[in-house]
Each structure stands twice: as structure tokens, then as C-alpha cells.
Amino acid sequence: MVKFLPLSEAVAGNLNDGDTVAFEGFTHLIPTAAAHEAIRQGFEELTLIRMTPDLVYDQMIGMGMARKIVFSYLGNPGVGLLRRARDAIENGFPRPIEVEEHSHAGMANAYEAGAAGLPCAVFRGYRGAGLAAVNPNIKTVTCPFTGEVLAAVPAIRPDVTFIHAQKADRKGNVLVEGIIGIQKEAVLAAKRAVVTVEEVVDSFDELHPNLTVLPSWTISAISVVPGGSHPSYTHGYYIRDNAAYLEWDEIAADREKFQGWMQANVIERTAADFAGRVEHLRIAA
Amino acid sequence: MSDSESGFTPNEMMTIAASRALKNDDVCFVGIGAPSAACNVARLTHAPDITLIYESGTIGTAPQVLPLSIGDGELCDTAVTTVSVPEMFRYWLQGGRISIGFLGAAQLDKFGNINTTVIGGYPHPKTRLPGGGGAPEIATSSKEIYITMAQSKRGMVETIDFFTSFGHGEGGDHRKRLGIETAGPTLLITDLAIWKPDPVTKEFTVVSLHPGVSRAEVQATCGWTVKFTDALEETPAPTALELKTLRDLQARTKAAHAGTGKGKAA
């Protein structure tokens, strides 16, 4: 059964050293607060999976927590490059990191295969693409009916997935709205799932019947963290803090500046600080 | 070049020339950056019914300001519908619903192959770029590919360091030989010229120079030996409406993105 827990307990109870973990959010609903809690608790040797690793994986890689990263777009969205991830890949700082790179289509299909309980995903992809030559997990299968050669990638099955979402009801069902990205598949593909939400409401009885709702029994733990996806956004609650993404480019460019920022803004803070960070970004009711 | 009321910059000419290539009934998969600006200028001028799709799952979006990322809330707020990312890539792109994939490029060769992955070798790159994102499959599943980028010798090279997205490969019928049925790159719009692939060799050839641009300038900012078509044309200069539409869009975008800094009102 799902438990409502303080974020520190939800992270401590579901993430372990050496885990394969996805902190998902396709440029929306990024679980920043959960990632910062994982950084504070100092996990090691993680395999980080995400389609669009942005600031939170730049931070975790910069803190030396990751042994491997699986991704399809390693950028600061709309701004440019991820400088801590670059330092790890180009210079092995603070430690060398293994890279498994896919396309978005490859990862989206792989998550879906994980959610569907299949061993691999089959799709029309990677034709002529250089990734097929450098990633041994990109292979081909031949359609037994038409003879068409298709791409195959292994299913993604994280030990634990973290996502942010709009709200839960008292029973622990979770509503995801707006750009839903890969949130549903990432939860259903994982052995355990932890969700941070903006708020808890009494019930979902009045909702439209076709909305994206994750039933309570698909989730291990829920933590209420208002503002928990900052500087990403939560559709209907607050907008994206574009300035923070621009600022990150400068912070991450320098190893010492990065460490100072992490100390002041992550290590010495708590999940409760996120609400204040989105005050000026809240959407007027 | 001047950007006074009567003049325009090379980048403005590039965006506007790119916007003109889009039709009202196109279903366009939009890359971020220069393609996004061109697609929205088209929508705000001659192609009001164009369907713009961003890889975050937003279908038929009509943003008032240009998104900073492909997943900005503005795209979802103004879309006809928003679908999940697996659905986007499986049903809509792989399903053959996209008429034009519009891409930018860090590195491009003369056959329209694109690199946005690494500069240098893959295992130990000199510069690790963001990578392909949706582009590898956009490049092969969209019916046609348009590419837009500003010219430079670093960007337009004889040999790209990595095949992120397949264009025409080594030219000729290379796509067909790999089982790729779609047309691939059919148009390249730079800040200096409009290029189209040769019907047989598939090498990009300059078909139109932007106003005031010489052949020598195109060659000086391109890393391969440039071919020009015999019937070389001049790109019509931006109209007052096109320029106003682009500049207003960029001004709205700048104001919107600057307004989210700490301590400022949203």
C-alpha cells in the first residue's frame, strides 16, 4: 500500500546505493526536490536513467554519485550544454562515467516495454544513425510477417522511479496533467515508485474520466512538496523558472562555484524550501 | 548589415525564408531554436492553419511566445491536444503523420547528414554536445526534412564527426539502400542562401542567394566546395509584415523569458 511520508523517509526507504534509478520529467514535473534529497543523503554508484537529464542529473553527476548515465538528450533545455556532465565525460571529473545513449524514440519505446512487461521494445528507428554503432544495446530484429528489419532495445526496468505530479487524493491516487511526458510509463516500468505532489485533495470523484491517474497501488510512497519541481514547472500551479536555467549555465561552468552553490542551495536546505522558490512564479487563481 | 526599419539582418532573412517554405496544410515536427521561430512566423503570416508539433507531445500548438524548451507550458496551453511521449513517437512520427521535420544542426555535411552528438571521437569527445533527442527518427520518419542554420566553416563541414541524424548518407540512393522510404533533406535555409539537393547526387546546391549576398561569401563560410545552380535566383527580401511579425514575436519572447527571474513579478 502507498504511504504518505516526509520526503526524507520516502527517499531513504526506496533508494539504495548501486540502484538503477529514474528521476523522470520531460521538461515538466521534474522531481527536483526528490533529487536534492537523494543528494543530501549521499547515495553512491547510481545508474541514472532519464530521457532529458537536465539540471538535477548535472548536479548528481557533479557530486560524484553516478557510475553510469542512460539518456537521449543531455542538454540544459533551451540553454545549451550540461557542464558538470561534460566534465565527467570529457575529463573524468569528479569520476569517469559510463554512457548509454539512445534517441527519444528508443527510450520512450524502452520505458513502454518496461511498463508492458516485455523484455525489449521493437520500433522503426536508428536507421543510418551513428548511435547504433556505439551502443551495443541497439540491435535489430526482422519482422516475421513482412521481413522488415526493425530496431530493438532492451526494456527499461528501474529499481525505483521518482516523479513529480500535481496532486494526490486521500487514498493515494495521483493525477498527472499537462505535458505528461513519460511519467506514467516510468512509474509502471519500475519496481518501486515515489511521487512528490503539490497538494492532497479529498477525492478525485469530480475529475474527467479520461485523465491520467496513477492508482495508489502502483506507487510506493507519496510526499507532499509544494514547489517540488522548481526550476521546472507544474502545470496549473507555477511556471518554469527560465532565469534559473540560464543561471545554471554559469554555476555549472566552474567546479568551485558549483560546489559552493550545491552546499548553500542543496546540502544546507530541506524540501520545505521549495515552496518559497516558486512564490513569484505562481499562476494567479 | 543594418536592422533599421528598411533593412534586415542575415538571421532575420534566414528565419523568414524558412517560414515561407512551410505550407498551410503542413504537419510540422518542430526543432527548438531557429526552426521554432520560422515555424511560428509561418503560422502568424501565410500559414495560419499549419499544425505545429513539438516532441513533448503538444499537437497543433500556437504559442504566443517562442518556447525556451520543447516542453514549455505555453505549448500545452495552446495545443489542440497533448499526448504522452511514447504516443508522440510511435503513433504520430513513426505512424507517418508528419509532413515536414524541421531541424537545426551543430554540424552539417553537403548531403544533409547532421551531427549534434560529439565533436571529436565518440568514446573520448573533445566536446560532448547534447545528442540527438528526437532527431534520429524525425530524420527518417518525416516525409521530408528541412534544415536551417547560420553558415560557418565550423558548422558546415566536409566530414561530420558523428552521424546523429541520417540525411542522404554518402549521396545518391543511400537512403533507399538502408530501407529508408522517406525523402530526407529537401531544403536547407541558411543566413546567406537557399539550398536544394541535386536530384541525382543529393549534394546540397545553392538555388537562391539572399539579397546582397555574393557567391564568394557563401563559399567563405562553408567547409566544402559549394555548387551553385545555373539558374541562380535572388531570395525576395522580407516584407514589412514578415519583419514586423518576427520582431514582435522575438520581443514578446524576450519579455516573457526575462520576467521569471528571482524577485521579479511573474
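Described in the following lines is the structure provided in the data block. (Residues numbered from 1 in each chain as written. Chains lettered and ligands numbered in written order. Predicted model: local features only at pLDDT ≥ 70, side-chain atom pairs only at ≥ 80, totals over all residues. Heavy atoms only, no water.)

1. Digging into the packing of helix H8 (residues 242-251) of chain A against helix H9 (residues 255-267) of chain A
The relative placement of two packed helices is expressed as an angle between their axes plus a distance between the axes.
All names here are of chain A.
Alright, step 1. Contact geometry for H8 and H9: axes closest at 8 Å, N-to-C directions at 130 degrees. The orientation of H8 relative to H9 falls into the category oblique. Contacts from Trp248, Glu250 and Ile251 of H8 reach H9 at Lys257, Phe258, Trp261 and Met262.
Alright, step 2. Residues belonging to the contact of H8 with H9 are distributed by class as follows: five nonpolar, no polar and two charged. (Axes fitted to C-alpha atoms, helices over the stretch in contact; angles between N-to-C directions. Helix = DSSP H or I, 4+ residues; strand = E, 2+ residues; numbered from the N terminus. Parallel < 35°, antiparallel > 145°, perpendicular 65-115°, else oblique. Contact = heavy atoms within 4.5 Å. Nonpolar A, V, L, I, M, F, W, Y, C, P; charged D, E, K, R; others polar.)

2. Some details on the environment of Leu249(B)
Residue and element names in this part refer to chain B.
Alright, step 1. In this structure, leucine 249 sits in helix H8 (residues 240-258).
Alright, step 2. As a C-alpha pair, leucine 249 and valine 65 span 184 residues in sequence and 6.1 Å in three-dimensional space.
Alright, step 3. Contacts of leucine 249, omitting those with residues within four sequence positions, involve Ala37, Asn40, Val41, Leu44, Gln64, Val65 and Leu66.

3. Considerations on the pairing of strand S3 (residues 46-50) of chain A
Residue and element names in this part refer to chain A.
Alright, step 1. Within S3, five of the five residues are buried, which leaves it mostly tucked inside the rest of the structure.
Alright, step 2. Of the two faces of S3, the one carrying Leu46, Leu48 and Arg50 and the one carrying Thr47 and Ile49 are both buried.
Alright, step 3. One ladder, built from three bridges, connects strand S2 (residues 20-23) with S3; its direction is parallel. Across the sheet, the residue bridging to valine 21 is leucine 48, located in S3.
Alright, step 4. Where S3 and strand S4 (residues 66-71) come together, five bridges link them in parallel fashion. Bridge assignment links isoleucine 49 to a residue of S4, and that residue is valine 70.
Alright, step 5. For the segment spanning S3, helix H3 (residues 55-62) and S4, crossover handedness is right-handed. (Buried < 20%, exposed > 50% of the residue type's maximum accessible area, 1.4 Å probe, protein only. Pairing = 2+ DSSP bridges. Right-handed = clockwise from strand over helix to strand, strands pointing away.)

4. Details of H8(B)
Alright, step 1. Spanning 19 residues, H8(B) covers 27 Å between terminal C-alpha atoms, matching the ideal 27 Å at 1.5 Å per step.
Alright, step 2. On its buried face, H8(B) is in contact with H8 of chain A together with helix H1 (10-20) and helix H2 (34-44) of chain B. (Expected span 1.5 Å × (residues − 1).)

5. So, the side chain of Asp249(A)
Alright, step 1. Note on placement: Asp249(A) falls in helix H8.
Alright, step 2. Polar side-chain contacts of Asp249(A) include one of 2.9 Å to the side chain of Arg83(A). (Polar contact = N/O pair within 3.5 Å; in protein donor to acceptor, adjacent residues only side chain to side chain.)

6. Details of the nonpolar core
Alright, step 1. Ranked by internal contacts, the top residues of the largest apolar core, which has 89 residues, are Tyr111(A), Leu22(B), Cys28(B), Trp195(B) and Val218(B).
Alright, step 2. Looking at this core element by element, the count peaks at six residues for helix H5 (residues 104-115) of chain A.
Alright, step 3. Filtering out sequence-adjacent residues up to four positions away, Tyr111(A) remains in contact with Ala22(A), Glu24(A), Ile49(A), Arg50(A), Met51(A), Ile156(A), Pro158(A), Ile182(A), Glu185(A), Ala186(A) and Ala189(A).
Alright, step 4. Counting 44 residues, the second largest nonpolar core, distinct from the first, contains Val11(A), Ala38(A), Ile69(A) and Leu74(A). (Core = buried A, V, L, I, M, F, W, Y, C linked by side-chain atoms within 4.5 Å.)

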